[in-house]
Amino acid sequence: MGLPVTIGTMSAIPPAVRYRVLDAMGRIAAREEVASAFAELIQVGTPWLGADPSLVEVGLWMTEGPRDVAIRQLGCAWLALFPTERSIERLAALSTEPSVRDAAIRALTDRQLRDKHPSTRWSGVA
């Protein structure tokens, strides 16, 4: 079984973080427990993950309706790393479970770029 989303080469991301992304994505493909892997990845990878815009696809996949609530909450945190119009629209549309809605609100209001990759910028549209 392949990965649920297509991601780029991640050449701008350090190898150790790239490995963690691939490990977490592999867990998804193998249908293993992924919440803890993604929570840890977001914690250690925040300064680097925004360097590869193709990784926004992971967050979009995580926040789709049929996912577990914990995965959808982590997807909101993931999308906060990519302040694009597409990710903002997805976060704004999440209003089903209160815990997911709250995670989306936190992601939408997190405009601090201090700990994120230097290439992360809020566009005028977003």
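The structure under discussion appears in the preceding block.
What counts and how
- Residues numbered from 1 in each chain as written.
- Predicted model: local features only at pLDDT ≥ 70, side-chain atom pairs only at ≥ 80, totals over all residues.
- Heavy atoms only, no water.
- Helix = DSSP H or I, 4+ residues; strand = E, 2+ residues; numbered from the N terminus.
- Buried < 20%, exposed > 50% of the residue type's maximum accessible area, 1.4 Å probe, protein only.
- Contact = heavy atoms within 4.5 Å.
- Phe/Tyr/Trp six-rings, centres within 6.5 Å; stacked < 30°, edge-to-face > 60°.
- Core = buried A, V, L, I, M, F, W, Y, C linked by side-chain atoms within 4.5 Å.
- Polar contact = N/O pair within 3.5 Å; in protein donor to acceptor, adjacent residues only side chain to side chain.

K.L.:
Describe in detail the overall build of the protein, supporting the description with residues and values.
P.N.:
From N to C terminus, the protein includes six helices and zero strands. Order of helices (α) and strands (β) in the protein, N terminus to C terminus: α-α-α-α-α-α. For the protein, with 126 residues in total, the buried portion stands at 43%. For the protein, contacts bridging at least 24 residues in sequence account for 60% of all contacts bridging at least 6.

K.L.:
Account for the packing of aromatic side chains, with residues named and values stated.
P.N.:
Taken as a whole, this structure holds two aromatic pairs when the rule is applied. Taking 5.6 Å as the distance between ring centres and 80° as the angle between the ring planes, the aromatic pair formed by phenylalanine 38 and tryptophan 78 counts as edge-to-face. Pair noted here: phenylalanine 38 is in helix H2 (residues 35–49) and tryptophan 78 is in helix H4 (residues 69–79), with a separation of 40 residues, a long-range link. Each member of the pair, phenylalanine 38 as well as tryptophan 78, carries the same accessibility label: buried. Seen in terms of ring centroids, tryptophan 78 and phenylalanine 82 are 6.4 Å apart; in terms of plane orientation they differ by 35°. Their pairing is tilted. The two residues tryptophan 78 and phenylalanine 82 agree in class, both being buried. Taken together, the aromatic side chains of Phe38, Trp78 and Phe82 make up a single cluster linked through ring pairs.

K.L.:
Tell me about the nonpolar core, residues and numbers included.
P.N.:
If you look at the biggest cluster of nonpolar residues, it comprises 37 residues, and the most contacted ones within it are Phe38, Leu49, Leu55, Val58 and Trp78. When contributions to this core are tallied by element, the ones reaching two or more residues are helix H1 (15–29), H2, helix H3 (56–62), H4 and helix H6 (98–109). No other element matches the six residues that H2 contributes to this core. Excluding residues within four positions of it along the chain, tryptophan 78 makes contact with Phe38, Leu41, Ile42, Leu49, Leu55, Val56, Val58, Gly59 and Met62.

K.L.:
How would you explain the side chain of arginine 67 if you had to name every residue and give the values?
P.N.:
Along the chain, arginine 67 falls in the loop between H3 and H4. Reaching out from arginine 67, the side chain makes a polar contact with the backbone oxygen of tryptophan 61 at a distance of 3.0 Å. Discounting residues that sit within four places of it in the chain, arginine 67 has contacts with Trp61, Met62 and Arg72.

K.L.:
Can you explain the side chain of arginine 72? Please cite residues and give values.
P.N.:
Structurally, arginine 72 can be placed in helix H4. Setting aside residues up to four positions removed in sequence, arginine 72 forms contacts with Met62, Thr63, Glu64, Gly65, Arg67, Leu94, Thr96, Glu97 and Val100.

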